[in-house]
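Read off the chains here:
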Amino acid sequence: VKLNIMKNLKKHTTALALVAVVGCALAACGTGPSEERMDQKVDNKIEEMNDDMQRNMDKSRAELTENLRELGEKIKGHIAEMDEKLADTKLSAQERVELEKKRLEYKAQHARIEASTSKVGMATKETWNDVEREGLEVKNDLSTWWDRQKDNVDEKTDADHDMDGH
């Protein structure tokens, strides 16, 4: 009798454990209110991440645009100076040719800035990574180019006008 009771108890315990596991599994997979709350939490998190991404993109866009604008203003200032020099009738033919060549180079660099600034302004979430990378490349290229121009002036005048040590 004792052996029968033990066998029955073992069967019932196993059955109860199985029912408990199945019940928990069904509760976890259920379509009740907790699943709706979870869906809402996921949607809220996705929306929060999208908002963060947009804020970061807007901040990066503003910084890149400002950097490009500053470079553009420097270049435009030098173009204006060259225009004034070119208006001088005392300029020799050789000086005029060299200055025109330099002016064209500066205008080409300024056109790169304007094109990049336009792309940065029109970028969408989908295109932003590529546009930002290209804009940073233009900014870095032009910053290096600008430094070379200053060094060329220093070299020609045997002075350190930009005070960079060379």
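Owing to the predicted nature of the structure, the values given are computational and were not obtained by experimental measurement.

**Remarks on a nonpolar patch on the surface**
- There is a patch of nonpolar side chains on the surface, built from Met38, Val42 and Ile46 and spanning about 270 Å² of accessible area.
- By the secondary structure assignment, Met38 is in helix 2 (residues 33–87).

**Structural notes on the nonpolar core**
- Ile75 and Tyr106 are the most contacted members of the largest nonpolar core, which totals 20 residues.
- Sorting the residues of this core by element identifies helix 2, helix 3 (93–122) and helix 4 (128–157) as the ones contributing at least two each.
- A total of eight residues in this core trace back to one element, the largest contributor, which is helix 2.

**A closer look at the confidence of the model for the protein**
- Looking at the protein, pLDDT values average 81 and 71% of them are 70 or higher.
- Ranking the helices and strands of the protein by mean pLDDT puts helix 3 first, with 95, and helix 1 (residues 2–29) last, with 53.

**Considering the pattern of salt bridges**
- Summed over all chains, the structure comprises nine salt bridges.
- For Lys76, the salt bridge goes to Glu73, with nearest N and O atoms at 3.7 Å. On the criterion of helical spacing, the pair formed by Lys76 and Glu73 is a turn pair, its members being three residues apart in helix 2.
- Its relative accessible area of 41% is what places Lys76 among the partly exposed residues.
- Residue Glu73 is classed as partly exposed on the basis of its relative accessible area, which comes to 41%.
- Across the salt bridge formed by Arg112 and Asp141, the nearest N and O atoms sit 3.3 Å from each other. Note that Arg112 is positioned in helix 3 and Asp141 in helix 4, a separation of 29 residues in sequence.
- Because the salt bridges share partners, they merge into one network encompassing Asp130, Arg133 and Glu137.

**Here we look at helix 3**
- Spanning 30 residues, helix 3 covers 43 Å between terminal C-alpha atoms, matching the ideal 44 Å at 1.5 Å per step.
- Of all the positions in helix 3, only Leu99, Arg103, Tyr106, Gln109, His110, Ile113, Ser116 and Val120 are classed as buried.

**Brief notes about the environment of Glu114**
- Mapped onto the elements of the fold, Glu114 is located in helix 3.
- For the pair Glu114 and Gly72, spaced 42 residues apart in sequence, the C-alpha to C-alpha distance is 7.8 Å.

About the cut-offs
- Residues numbered from 1 in each chain as written.
- Predicted model: local features only at pLDDT ≥ 70, side-chain atom pairs only at ≥ 80, totals over all residues.
- Heavy atoms only, no water.
- Patch = residues over 30% accessible without salt bridge, like charges linked within 9 Å, V, L, I, M, F, W, Y side chains within 5 Å.
- Areas by Shrake-Rupley, 256 points an atom, 1.4 Å probe, with all protein chains shown as cover.
- Salt bridge = Lys/Arg side-chain N within 4 Å of Asp/Glu carboxyl O.
- Helix = DSSP H or I, 4+ residues; strand = E, 2+ residues; numbered from the N terminus.
- Core = buried A, V, L, I, M, F, W, Y, C linked by side-chain atoms within 4.5 Å.
- Buried < 20%, exposed > 50% of the residue type's maximum accessible area, 1.4 Å probe, protein only.
- pLDDT = per-residue confidence, 0-100.
- Expected span 1.5 Å × (residues − 1).

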